[in-house]
Every structure is written in C-alpha cells, then in structure tokens.
Amino acid sequence: MENRNLDRALDIVSKLIMGEDVNESGSNSALYQEYNTNAEVYDIVHMSLKKFNLNIYEYNNGLYVSTGDNNRVFGYSNEELRKEMGLKVNKELYLAYFVIYNIITEFYSDTMSSTYAEFIRVEDVINSVDKSTVGIIDRTQGLIMDDIEENSFKQIALSWDELPVTTVEDQTGLRAARNSKSGFVKTVLNFLVSQKLLMESSARFYPTDRFRSLIENYFDDYKGRFAQLMNGGNNATD
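Residues numbered from 1 in each chain as written. Predicted model: local features only at pLDDT ≥ 70, side-chain atom pairs only at ≥ 80, totals over all residues. Heavy atoms only, no water.

1. Details of the packing of aromatic side chains
Taken as a whole and judged by the stated rule, the model has 5 aromatic pairs. Each ring, one from Phe-107 and one from Phe-211, has its centre 5.4 Å from the other, and the planes form 70 degrees; the classification is edge-to-face. One end of the pair, Phe-107, is in helix 5 (residues 90-107); the other, Phe-211, is in helix 10 (residues 209-230), and 104 residues separate them in sequence. No difference in accessibility class separates Phe-107 from Phe-211, as the two residues are buried. (Phe/Tyr/Trp six-rings, centres within 6.5 Å; stacked < 30°, edge-to-face > 60°. Helix = DSSP H or I, 4+ residues; strand = E, 2+ residues; numbered from the N terminus. Buried < 20%, exposed > 50% of the residue type's maximum accessible area, 1.4 Å probe, protein only.)

2. Quick word on the pattern of salt bridges
In a structure, side chains of opposite charge can pair up when their charged atoms sit close to one another. For the coordinates displayed, the defined rule picks out 7 salt bridges. Here Arg-4 and Glu-34 are joined by a salt bridge, their closest N and O atoms 2.4 Å apart. Linking Arg-4 in helix 1 (residues 3-17) with Glu-34 in helix 2 (residues 29-37), this pair joins segments that are 30 residues apart in sequence. Owing to a relative accessible area of 38%, Arg-4 belongs among the partly exposed residues under this scheme. Exposure remark for Glu-34: the relative accessible area of 14% places this residue in the buried category. Among the ionic pairs, Asp-124 bridges to Arg-121, the shortest N-O distance being 3.4 Å. (Salt bridge = Lys/Arg side-chain N within 4 Å of Asp/Glu carboxyl O.)

3. Quick look at the pairing of strand 4 (residues 198-201)
Across 4 bridges, strand 4 lies against strand 5 (residues 204-207) in antiparallel orientation. Of the residues in strand 5, the one forming a bridge with Leu-198 is Pro-207. Linkage of strand 4 to strand 5, two consecutive antiparallel strands, is achieved through a turn of 2 residues, within which Ser-202 is found at a positive phi near 55 degrees. (Pairing = 2+ DSSP bridges.)

4. Let's talk about the confidence of the model for the protein chain
Here the protein chain shows a mean pLDDT of 81. Residues at 70 or above account for 76%. Within the model, the stretch residues 229-238 combines pLDDT values under 50 with 12 contacts to residues more than four positions away or in other chains. (pLDDT = per-residue confidence, 0-100. Contact = heavy atoms within 4.5 Å.)

5. Here's the deal with the sheet that holds strand 2 (residues 54-58)
Overall, antiparallel pairing links the 3 strands, which are arranged 1-3-2 in an open sheet. In this open sheet, the two strands that pair with only one neighbour each are strand 1 (22-23) and strand 2. The sheet contacts of helix 1 involve strand 1, strand 2 and strand 3 (62-67), and relative to strand 3 the element is tilted by about 65 degrees. (Axes fitted to C-alpha atoms, helices over the stretch in contact; angles between N-to-C directions.)

Below you can see the structure in the form of structure tokens.
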C-alpha cells in the first residue's frame, strides 16, 4: 500500500464524515477523481467507512455517507435528536419520524420510477400525514392515551390528530412551534434543511442530491418494512 494512496483515501473519508461535498465539480473534485480512478484508494475508502459503521453512496457524480444501525459515534441518540429538533418527549420524536417518512413518500412512491415531485410545501406534508393516519385509530373504542405505548402507530396517530392545523403563531409567520400540524411539520422540514437533505426557497422545499442518494439506495427496503408495521406486523402489499 502506497502512503500517498492511504493519505488520499483518508482525506476522502475525513471530508465525508465532516459533511463536506466530494463530487466532480466542487472543491474536492481531485479527491473524487482519485476515488473513481484509483482502485486502491477506492478499496481503502470502503474498508475504512465499513469499520466506522458508515454506508457510502454514489449519486449524480458525488459521494455521500449515512450511519449504519446503532452507530453511537456518528448517529443520533433519541435524546440528541430531540435536542437538535427542539422536541421534549419521545412521542414527539416518533411523530417526527412519521412525518419524515411521509415527506419521503411525497417525493418517491418507489425508487423504480424516474419521476418524483420537484418540491413540497407544508400543506402537502400535512395532507399526506392526514391520509396516512386515517383508519389507525377508532375513537368509538374509547381509547385512553395513557394506555397506548408511546412508540405505537396509534399513539402517533392520536398525537397528530390532537394538533390543530394552524395557530396564531403560524398565521402571523412567527417561528415554527410544535403545537400545531403546520408548526410541527415546519420544525421537521427545518431540521432536514439543516442536515442538507432539503433546500428551501419561497416556502417550497426541494430535495438535495444528498437526500436523493440516501433514498434511492435503501428506501424500497425500509418502505416495505414500514408498510408491514402499519398493518400490525402482517405482510403487506404495495
């Protein structure tokens, strides 16, 4: 192994871990070319990231990484993610996960299709979550919030259903608050923007290449598992 190749590979790994762009046209274009043309650099990058429990994806002539399962170093714990998003309790975090899933499905019904939404708006996400929660809860059964597990889909649906669509703060354009559907969705969208997964322009949210690279590589697998959970653990069909 040449020291130069090791240095180049570790440079690439470092840039990716720090969240920098490594693509053919940016400031790290020389490193991207090394990755594409030097087999030893390529192998070292993949081996190193695997040791760190990180996944690497290639999309639109760029490299992106995401954390593997239970990555306590580079991933978020529930507590850390709540703090990052300004959430207080886990049931709010589980609702945020559910909103993120619906944001994904607004852009991709599946990854086999080459078509996807160009952008989404807050109201699009609210409508999507509303549709997703229909049928999960049956109020005629006299459900009691305290009797439902906080990470169950019934709890998520009830938490969403209790929120008003908007509040005075939403209507006056003040900072997004979690006490309405509109405010909660804005909180989640703002987090995704901070993670460079979405870009915002004129109240429209556009997917970045980072977002597309992650979704197109493993969304289908997670989508199937999510659909199974939504059906109470039974095998589900699309």
